[in-house]
Amino acid sequence: MNALLAGAAKASLAPRAEDFADGLYLGGFGAYRQRRSNEIHDEPWCRALAVSDGNEAFVLAALDLVGASAPLLQAIREDAARLTGLPPQHILLACTHSHASPDMQGLWGGTGDGYRTHVAHRAGTAIWEAWLNIGPAHIAAVTAQLPGVTRNRRGWPETDDTLTVVRITTDSGGALATLVNFACHPTASGPAN
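The text that follows walks through the structure, step by step, so that each part is easy to find. (Residues numbered from 1 in each chain as written. Predicted model: local features only at pLDDT ≥ 70, side-chain atom pairs only at ≥ 80, totals over all residues. Heavy atoms only, no water.)

Bringing unusual backbone geometry into the picture now. Phi is positive for Arg33, close to 60°, though the residue is something other than glycine. Within the secondary structure, Arg33 sits in the loop between strand S2 (26–27) and strand S3 (45–52). (Helix = DSSP H or I, 4+ residues; strand = E, 2+ residues; numbered from the N terminus.)

Next up on the list: the environment of Thr159. Positionally, Thr159 belongs in the loop between strand S7 (135–145) and strand S8 (162–170). With 25 residues separating them along the chain, Thr159 and Cys184 place their C-alpha atoms 9.3 Å apart. Once residues lying within four places of it in the same chain are set aside, the contact partners of Thr159 are Thr150, Arg151 and Asn152. (Contact = heavy atoms within 4.5 Å.)

Strand order in this open sheet of 7 strands is S5-S4-S3-S1-S7-S8-S9, and the pairing throughout is mixed. In this open sheet, the two strands that pair with only one neighbour each are strand S5 (91–95) and strand S9 (175–181). Taking the axes of each pair of neighbouring strands and ignoring which way they run, one obtains an average angle of 25° across the sheet. Across 8 bridges, strand S1 (residues 5–12) lies against S3 in antiparallel orientation. (Pairing = 2+ DSSP bridges. Axes fitted to C-alpha atoms, helices over the stretch in contact; angles between N-to-C directions.)

Within the secondary structure, Leu179 sits in strand S9. On the accessibility criterion, Leu179 (30% relative accessible area) is partly exposed. Sequence-wise, Leu179 and Val166 are 13 residues apart; in three dimensions their C-alpha atoms are separated by 5.0 Å. (Buried < 20%, exposed > 50% of the residue type's maximum accessible area, 1.4 Å probe, protein only.)

Ranked by internal contacts, the top residues of the largest apolar core, which has 27 residues, are Leu63, Ile76, Val119 and Ile127. Put simply, the parts of the chain that give this core at least two residues each are S1, S3, strand S4 (57–63), helix H2 (70–84), S5 and helix H3 (113–132). If one sorts the elements of this core by residue count, H3 sits on top with 7 residues. Formed by 7 residues, the second largest nonpolar core is a distinct cluster that contains Ala6, Ala137, Val166 and Ala177. (Core = buried A, V, L, I, M, F, W, Y, C linked by side-chain atoms within 4.5 Å.)

On to the pairing of S3, then. In terms of burial, S3 is a largely internal element, 7 of the 8 residues being buried. In the sheet, S3 pairs with S4 via 7 bridges, with the strands oriented antiparallel. From the neighbouring strand, Ala50 faces S4, where its bridge partner is Val59. The loop that links S3 with its antiparallel partner S4 comprises 4 residues; one of these, Gly54, has a positive phi angle of about 95°.

This brings us to the pattern of salt bridges. The final tally for this structure, using the stated rule, is 5 salt bridges. Taking the shortest distance from any N to any O, the salt bridge between Arg82 and Asp79 comes out at 2.4 Å. With a gap of 3 residues between them, Arg82 and Asp79 both fall in helix H2, about one helical turn apart. With a relative accessible area of 60%, Arg82 lands in the exposed category. The exposure class assigned to Asp79 is buried, which follows from its relative accessible area of 10%. In this structure, Asp113 and Arg116 form a salt bridge, with 1.9 Å as the shortest nitrogen-oxygen distance. Within this pair, Asp113 and its partner Arg116 are both found in helix H3, separated by 3 residues, close to a single helical turn. Taking the relative accessible area as the measure of exposure, Asp113 reaches 55% and is therefore exposed. Accessibility expressed as a relative area gives 28% for Arg116, which makes it partly exposed. Linked through salt bridges whose partners overlap, the residues forming this network are Arg16, Glu18 and Asp19. (Salt bridge = Lys/Arg side-chain N within 4 Å of Asp/Glu carboxyl O.)

This is the structure we're talking about:
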């Protein structure tokens, strides 16, 4: 078995002044075109992790967005594949499902074309930088059950209460990346959040 190689990087997805002027709506709550954004409270990011065993490789990128359209995801994959040389199917994309992020799906008012292009390029850059940063690494993982922390908001009995944490460190033991997977919809924190 080959040694693990990993690299990480991040890039800001913060809207620019022209993006606000074009119209940028937040996704996740309220009716269509109800939540137009005019400033940044918390900066959205794209965080990317490149992993290889020396033979096969992939990059996982998480975007601080409520969701993303298929054309945007395709643009990110194509840009990242061009920059890294990896096949597009080896670029795995996920959204954090933040309800306080730009609406990249067009369900709540959407964003302008310029911002969508900006997000695609910034995400492609994070993926490329993670690929450039790849080096020897170590991995450890743990799972735990957290009953009662989340619920199925439709009232169905099926609820995944498994928390999985994967920690990747550099060869010298320094922190490189921590992946957290927990199926918890933002509404679990209540309406006061």
